[in-house]
Amino acid sequence: MRMECAPTRDGLAILLNQVKAREGETFLSADEILDVSNRFFPDSLESLQAPAQPLTPWLPAARWSPTEAAWAQEETAAWVEAPRLHFTVLENPNISLQPTTESLQMQWLASHWQSLSASGDDFLTVANAALEETSADWIALMDAGDQLAPDASFRIAQAIRKHPQWQLIYTDEDNLTPDGQHINPHCKPDFNLDYLRSLPYTGGLLFIRKDLFAALGGFDPEAEGAEDYDLVLRAWEHLQAAGTGDAGIGHIPEVLYHRLQGSSHCRKSIPEILAAGQSALERHLQRLEIAAEVHPGPFPPSFRVRYALSATPSATPSATPLVSIIIPTRDQLGFLQRCIESVIEKTRYPAYEILVVDNDSQDPEAQRYLDLLAEQEESLGGRLRVLRYPGAFNFSAMNNQAVGAARGEYVLLLNNDTAALHEDWLDEMMSHALRPGVGIVGAKLLYPDGRIQHAGVILGMKGPAEHPFIGRPPEDRGYFGRAQLTQDYSAVTAACLLVRKEIFQTVGGLDEERFQVSYNDVDLCLKVREAGHRIVWTPWAMLLHEGSASQKGEVEQRPSAQKLARFAAEKTAFYDRWLPQLAFDPAYNRHLSLVSTDFLLEDQPPLSWDPAWRPRPRVLVHSADREGCGEYRIIAPMRALRTAGRLQGWETMRIFEPAEMERFSPDSIVLQRQMEWPQIEALERHRRFSKAFRVFEIDDLITNLPTKSVHKASIHKDIAKRFRKAAGLCNRLVVATEPLARAYAGFSDEVRVVPNYLERARWDGLAPRRRGGPKPRVGWAGGVGHTGDLELVADVVRELAKEVDWVFFGLCPDALRAYVQEFYPGVPLPQYPAKLASLDLDLAIAPLEDNPFNEAKSHLRLLEYGVLGYPVVCSDLTPYQGDFPVWRVANRYRDWIKAIREAVSDRDALARQGDLLREKVRQQWLLEDHLDVWLQAWLPRG
């Protein structure tokens, strides 16, 4: 039976995507789809449901700002000359070319393209000729049915301009189902040689410089079915020989290529495709004179490369350098004994010594065991030695001392709570360590129950760094095979870490001053990588690891408070040294989340933005709630600024960790009412690790709530202390009114007033009717926070119940319900403008209790009534004073009665008053007309 491949010209790439489809992984859990939990309070007028984040955050609707295309046009207009790109589309008689050509025609940056028949056995020869004839600088092949994201050509050209050393480029991609659904996004690492030798991960869209393509002789027809894979391998060899190496292969971490399921012209069977890929990899190794065998990997189309224990085919198999296995310990005899015995019993590699570093073991049995080992040192020929490290626990210093005493050319750092599981574990690790260019080798570690404990380290994950796939079953493939395939990482754990002694000492070993216990292994790996060496992780060397047994077992005799303080200091030191690298681990992808170990897609778009492309200032804003305060002061201004293309901005209630902040790298961060201690601690981290200008925002006299306020009981007793601390950590305080500015003048070096405005997009165009009924419709709108205000006019409501139709919206106390003609409960905030407009009021009232809290409030209620053309009778207090055409009254019963009766006595005059107020609001108080005010408040000066 002949099995035909389906979706792409390179059969290996299609098999890779079929593997992903079979895994059926969920990228976003339900809990991570939302920025915050939906919050809706039926009894509150100012409530808002948090919108769900899209399930496809890698697509343009999520990753673009509203004016992204216009910004791209601005940039390309400034280019003296754009890179010349050319696409050749391989036709397929069974698949329409139209979606592909339409996607090419919709590119932000126009590129040249042509279609080419792929019907003959020599289609690669024909494709080579067509590509070589083009006058473009960069060339690529596409399959009919596949599509480009609209910004693909722009992003590629932009990358070419920024990275002139790049000569071959690949992008991220997804699959496109026949019914148009986007699935299986593949967010790839930057160029990763060992991952490439394990899997043809570079995928479908490959752009290559035409001169490099010509130098390579184009696609190799003998590699059909794996021609893309073969081309990448040969390109790397060429670049390596030219001295460019990995730096010549670029990766654009954006899903720019949508591969149609079922698109192909490949006529080879699956076994033939796999054989073509294996042959391409074997030829690659042979050309480099690397002694290795290629075997099928754990799943098709993966491979396992088994390197010989020699650098080249001519080296003798007996050339096995001595490895010094270093095992730090303190007490914990059971772990230590198991570790040593497993190494002796299950290590086939012949040339090793064991150095046990004892840190003042106190357990009598452990002491006797160590003494026994020390007594046998001479009889064992020095292959098992005990070194003494007295004093405080310092993991780095213990290992450094042992490395100094080691006789081996290589040293293996091994925790005492590990155990060898297979006899070839050290052979496997040494086979990589002996390769030129490899600096460190790590192993796959499993918990005693078999779950994954270590499969590499991802920088910035869940803090400074974390193990991906931790806790998953041992057979779990991980994201596109990442838990089962040999690959390069930025770091591996020192629980089992192999390194050449010379390299270890050249970079200064483990840092025993700043990282005595934590992060010393990641720091070491980064130093080794910075020195130009690869960090290789192999799943084929597998050991058991309890995981932090020394720390969990209270081996270190130091109070927990001191250990916590030291851990915090080491964490801070690690951020200080490596933060820029933590945000953009080349073994990861900025479209993958840092808050999970499971390679979930990032659901906060700004964390996946290109860090180098900043067409507008970047601003991060944190609203305090999804209700009125958050909406008017944070959410709406940000929405309007984004829509107008004035900012690269984002609003969220999620607190970002330092590595996430480094990913976004905002120019400013605006924090509204962030006064819980975890929020204040986050502010302290922002000040320490981020260069962002910090703005604190408050719009209420929160330190002096009215006695009748329903919120008073929930306000912290030390709110003034918290507020002063939080505001003091910021560069500027922004408030809504002048009274607030005076009240909080001492809380910040700079206090700026930005009044409230209404968003035209939400309010303009609403046109309430004037019904002209027998009784005028007089209304009040407010929530539970306005109970004291409503009590001012309770008797007025009763008195006028037969003269007017009272219409209440949001809150209606039971004591007044009999006097109110219509009552409407609160609605979610997005529905609020339309609902308020539907009341069709002839007159609105805005009573305001006389107290310091209300004196500091804004005129927002006048704006809401006014934009709808509702005339207003209001309390004569500071928020409602000024040049608004409204009737102001003292908070006395007779004054309210008189003002309402006089206002409704002439309906025509009443309507004219409403028109005047509406015109006033539209002319002076719409948000979109005052974006500069918000920009100046949120951005640093200058």
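Residues numbered from 1 in each chain as written. Predicted model: local features only at pLDDT ≥ 70, side-chain atom pairs only at ≥ 80, totals over all residues. Heavy atoms only, no water.

- The protein chain is annotated in an unreviewed UniProt entry as Glycosyltransferase of Acidithiobacillus sulfuriphilus.

### So, unusual backbone geometry
The bulk of non-glycine residues show a negative phi, and the bulk of peptide bonds are trans.
Piece 1. Backbone torsion omega between Pro300 and Pro301 reads 5 degrees, so that peptide bond is classified as cis.
Piece 2. Summarising the element assignment, Pro301 is placed in the loop between β9 (292-296) and β10 (303-307).
Piece 3. You will see that Glu289, though not glycine, has its phi angle at about 55 degrees, which is positive.
Piece 4. By the element assignment, Glu289 lies in the loop between α11 (270-287) and β9. (Helix = DSSP H or I, 4+ residues; strand = E, 2+ residues; numbered from the N terminus.)

### A short note on the packing of helix α10 (residues 227-241) against α11
Piece 1. Running from N to C, α10 and α11 point in directions that differ by 10 degrees, and their axes come no closer than 9 Å. Viewed along their axes, α10 and α11 adopt a mutual orientation that is roughly parallel. Judged by residue contacts, Tyr229, Asp230, Leu233, Arg234, Trp236 and Glu237 of α10 engage Gly277, Ala280, Leu281, Arg283, His284 and Arg287 from α11. (Axes fitted to C-alpha atoms, helices over the stretch in contact; angles between N-to-C directions. Parallel < 35°, antiparallel > 145°, perpendicular 65-115°, else oblique. Contact = heavy atoms within 4.5 Å.)

### Observations concerning the environment of Thr125
Piece 1. Assignment of secondary structure puts Thr125 in helix α6 (residues 123-133).
Piece 2. Of the residues examined, Thr125 reaches a relative accessible area of 42% and is grouped as partly exposed.
Piece 3. Residues Thr125 and Phe219, 94 residues apart in the sequence, show an inter-C-alpha distance of 7.6 Å. (Buried < 20%, exposed > 50% of the residue type's maximum accessible area, 1.4 Å probe, protein only.)

### Comments concerning the pairing of β10
Piece 1. Burial analysis of β10 places four of its five residues in the buried class, which makes it a mostly covered element.
Piece 2. Both β9 and β10 contribute to a ladder of five bridges, which runs antiparallel. Opposite Val294, over in β10, you have Val305 as the bridge partner.
Piece 3. Once β9 ends, the chain turns through six residues before running back antiparallel as β10. (Pairing = 2+ DSSP bridges.)

### Observations regarding helix α5 (residues 98-105)
Piece 1. By the burial criterion, the buried members of α5 are Thr100, Thr101, Ser103 and Leu104. Projected down its long axis, α5 carries its buried residues within an arc of 160 degrees, all on one side.
Piece 2. Buried residues in α5 make contact with β1 (85-90), β2 (112-116), β3 (138-143) and β4 (147-148). (Arc of directions from axis to C-beta.)

### Some remarks on the side chain of Glu570
Piece 1. Structurally, the position occupied by Glu570 is in helix α19 (residues 560-583).
Piece 2. Residue class for Glu570 comes out buried when judged on its relative accessible area of 2%.
Piece 3. Those residues in contact with Glu570, other than ones at most four positions away along the chain, are Arg514, Phe515, Gln516, Val517, Ser518 and Tyr519.

### Section: the pattern of salt bridges
Piece 1. Tallied over the entire structure, the rule returns 68 salt bridges.
Piece 2. With a shortest N-O distance of 3.3 Å, Asp511 and Arg514 are connected by a salt bridge.
Piece 3. With a relative accessible area of 11%, Asp511 lands in the buried category.
Piece 4. Judged by relative accessible area, which is 42%, Arg514 ranks as partly exposed.
Piece 5. The salt bridge partner of Lys857 is Asp700, with a shortest N-O separation of 3.8 Å. One end of the pair, Lys857, is in the loop between α29 (852-855) and α30 (860-867); the other, Asp700, is in the loop between β26 (693-698) and α23 (719-728), with 157 residues separating them in the sequence.
Piece 6. Here Lys857 falls in the partly exposed class, since its relative accessible area comes to 22%.
Piece 7. Via salt bridges that share partners, Arg63, Glu68, Asp151, Arg155, Glu254 and Arg590 belong to a single interconnected network. (Salt bridge = Lys/Arg side-chain N within 4 Å of Asp/Glu carboxyl O.)

### As for the packing of aromatic side chains
Piece 1. The final tally for this structure, using the stated rule, is 31 aromatic pairs.
Piece 2. Members of the aromatic cluster, each reached through a chain of ring pairs, are Trp64, Trp71, Trp79, Trp108, Phe154 and Trp613.
Piece 3. Over the face of the ring belonging to Phe747 we find Arg724, whose NZ or CZ atom lies 4.0 Å from the ring centre. (Phe/Tyr/Trp six-rings, centres within 6.5 Å; stacked < 30°, edge-to-face > 60°. Lys NZ or Arg CZ within 6 Å of the ring centre and 35° of its normal.)

### Some remarks on the pairing of strand β13 (residues 384-388)
Piece 1. Buried residues dominate β13, accounting for four of its five residues.
Piece 2. Bridge analysis of strand β12 (residues 352-358) against β13 gives five bridges, and the strand direction is parallel. Looking across to β13, one finds that Val357 is bridged to Leu387.

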